[in-house]
Amino acid sequence: MRNTNAITAGAVLAALAVALGAFGAHALKTRLDPAMLANFETGVRYQMYAALALLVLGTQATQRRAPALLLAGAVIFSGTLYILALSSARWLGAITPIGGVLLIAGFVVAALDARRS
């Protein structure tokens with residue numbers, strides 16, 4: 001049985017990543033300093049990684065825990081990078097690593113669950 005929630009979340013994250021990538025490349029290129037634009041692009045890249053992983057994991061019945069970790073990680077990691085790049089909320093830089101840890105945990109759990117099945 002497929003995990004349609006993971007597939008749906010992956011598709012939405014992927015679509016948003018493409019849209020945000022285009023926004024960054026066209027609308028923000030001249031408005032952000034290079035370091036902040038790089039932060040924005042990092043957020044887009046890792047959001048797409050998580051999206052692709054969710055699309056794959058959603059086809060695997062044994063993958064129930066990893067998709068939630070990956071989705072939470074993408075939202076926190078990429079979301080804080082987007083806000084950090086677009087605002088002066090530098091304190092968000094302290095929260096970004098939490099999203100990174102959730103992404104790592106999601107991939108590790110996916111590997112462990114794959115080995116168990």
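Computed from a prediction, not measured in an experiment: that's the story for all the values here.

Participant: How should I be thinking about the overall build of the protein chain in this particular structure?
Facilitator: On a plain count of helices and strands, the protein chain comes out with four helices and zero strands. Secondary structure of the protein chain in N-to-C order comes out as α-α-α-α. For 117 residues, the compact-globule estimate of 2.2 N^0.38 gives 13 Å, and the protein chain sits close to it at 15 Å. Dimensions along the principal axes, computed over C-alpha positions, put the protein chain at roughly 50 × 25 × 15 Å. Each of the 117 residues in the protein chain was classed as buried or not, and the buried ones make up 39%. Contacts in the protein chain between residues at least 24 apart in sequence constitute 74% of all its contacts with a sequence separation of at least 6.

Participant: Please clarify how the packing of aromatic side chains should be interpreted in this entry.
Facilitator: The relative placement of two aromatic rings is captured by the distance of their centres and the angle of their planes. According to the stated counting rule, one finds four aromatic pairs in the structure shown. An aromatic cluster of at least three residues, connected via ring pairs, comprises Phe-23, Phe-40 and Tyr-82.

Participant: What is the right way to read the packing of helix α2 (residues 34-57) against helix α4 (residues 96-116) from this model?
Facilitator: Each pair of packed helices gets described by two things: the angle between the helix axes and the distance between those axes. Here α2 crosses α4 at 25°, and the two axes come no closer than 12 Å. When the axis of α2 is compared with that of α4, the two are roughly parallel. Of the two elements, α2 crosses α4, and the hand of that crossing is left-handed. Contact with α2, carried on its side by Tyr-46, Tyr-49, Ala-50, Ala-53 and Leu-57, involves Leu-103, Phe-107 and Ala-110 of α4 and no other residues of that element.

Participant: Help me understand the packing of helix α1 (residues 4-28) against helix α3 (residues 66-86) in this model?
Facilitator: Where α1 meets α3, the axes come as close as 12 Å, and the angle between the chain directions of the two elements is 15°. Classified by the angle their axes make, α1 and α3 are roughly parallel. By crossing handedness, the relation of α1 to α3 is classed as left-handed. Residue-level contacts link Ala-6, Ala-9, Leu-13, Leu-20 and Leu-28 of α1 to Pro-67, Leu-71, Ala-74, Tyr-82 and Leu-86 of α3. A breakdown of the residues in the contact of α1 with α3 according to their chemical character gives ten nonpolar, no polar and no charged.

Participant: Help me understand the pattern of salt bridges, please; the structure alone is not making it clear to me.
Facilitator: Pairing is possible between side chains that carry opposite charge, provided their charged atoms lie close to one another. Counted according to the given criterion, the structure contains two salt bridges. Between Arg-65 and Asp-113 there is a salt bridge whose closest N-O contact spans 2.5 Å. Of this pair, Arg-65 sits in the loop between α2 and α3 while Asp-113 sits in helix α4; the two residues are 48 residues apart in sequence, bridging distant segments of the chain. You can call Arg-65 partly exposed: its relative accessible area is 43%. Arg-116 is paired through a salt bridge with Asp-113; the nearest N and O atoms lie 3.4 Å apart. Note that Arg-116 and Asp-113 are positioned in helix α4 at a spacing of three residues, about one turn of the helix. Taking relative accessible area as the criterion, Arg-116 reaches 62% and is therefore assigned exposed. Using a relative accessible area of 8% as the deciding quantity, one classes Asp-113 as buried.

Rules behind the numbers
- All chains use their own residue numbering, which begins from 1 and follows the written sequence.
- It should be noted that, the model being predicted, local features are given only for residues of pLDDT at least 70 and side-chain atom pairs only at 80 or more, the latter also being counted only at that level, while totals for whole chains, interfaces and linings use all residues.
- Where side-chain values are given, they derive from all heavy atoms of the structure, hydrogens and water being excluded.
- Helix and strand definitions here come from DSSP, where helices need a minimum of 4 consecutive H or I residues and strands a minimum of 2 consecutive E residues; each element is numbered from the N-terminal end.
- Only C-alpha atoms enter the radius of gyration, while the globule expectation follows 2.2 Å times N to the 0.38, with N the number of residues.
- Think of it in three bands: residues with accessible area under 20% of the maximum for their type are buried, residues over 50% are exposed, and the middle band is partly exposed, with areas taken using a 1.4 Å probe on protein chains only.
- Whether two residues are in contact is decided by their heavy atoms, any of which lying within 4.5 Å being enough.
- Under the pairing criterion, centres of Phe, Tyr and Trp rings, with the six-membered ring standing for Trp, must be within 6.5 Å; the plane angle then separates stacked pairs below 30 degrees from edge-to-face pairs above 60, leaving the rest tilted.
- Axis lines are fitted to C-alpha atoms, over the contacting stretch for helices. Their N-to-C directions set the angle, which ranges from 0 to 180 degrees.
- Note on angle classes: values under 35 degrees are labelled roughly parallel, values over 145 roughly antiparallel, values of 65 to 115 roughly perpendicular, and the remainder oblique.
- If you view the pair so one helix is near and one far, a crossing is left-handed when the near helix is turned anticlockwise from the far one by less than a right angle, and right-handed when it is turned clockwise.
- Charged means Asp, Glu, Lys or Arg here, nonpolar means Ala, Val, Leu, Ile, Met, Phe, Trp, Tyr, Cys or Pro, and polar covers whatever is left, Gly included.
- Salt bridge criterion: a side-chain nitrogen from Lys or Arg within 4 Å of a carboxyl oxygen from Asp or Glu.

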